[in-house]
Amino acid sequence: MDITNYYGCRDSLKTGDVIQWKTYGLIGWLIRRFTKGNVNHTSLIVEVGGYEGLRERKFMLEAQGHGIVLTSLSRRISEHKGEAYVLPLKNEFDDKRVNVGNWAFQQVGIKYD
């Protein structure tokens, strides 16, 4: 996903959806080689809402070296050198999105394992 594709699908992204990242670079390659996966990083979409100007914005929680952090999805995509894939939460779990968001925000600041 590039930034143009992001703006085209932003409105469909909801809390509980997942973004998987394939980073072009040595660290990303090493992680994929070690895990035998096609991606090297995963983030969870969370919607903030309730604040003027944030309702249309999308954020994500992700584990960085210093812990779980809240990041602007558009900023991350615009700076990312690689590929990003959206994995939407199955429709049958739509009623769990609030629970997922509540749990997710409790993880902010927890040290990365």
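Structure first, text after, so check above.
Residues numbered from 1 in each chain as written. Predicted model: local features only at pLDDT ≥ 70, side-chain atom pairs only at ≥ 80, totals over all residues. Heavy atoms only, no water.

The residue Asp-11 is located in the loop between helix H1 (3–9) and strand S1 (18–23) in this model. For the pair formed by Asp-11 and Arg-57, sequence separation is 46 residues and the distance between their alpha carbons is 8.8 Å. (Helix = DSSP H or I, 4+ residues; strand = E, 2+ residues; numbered from the N terminus.)

One pass over the full model with this rule turns up 4 salt bridges. With its nearest N and O atoms 3.1 Å apart, the salt bridge here joins Arg-97 to Asp-17. Of this pair, Arg-97 sits in helix H4 (residues 97–106) while Asp-17 sits in the loop between H1 and S1, and the two are 80 residues apart along the sequence. Judged by its relative accessible area of 10%, Arg-97 is buried. The buried category is assigned to Asp-17, whose relative accessible area is 2%. Here the salt bridges share partners, and the residues they tie into one network are Asp-17, Asp-94 and Arg-97. (Salt bridge = Lys/Arg side-chain N within 4 Å of Asp/Glu carboxyl O. Buried < 20%, exposed > 50% of the residue type's maximum accessible area, 1.4 Å probe, protein only.)

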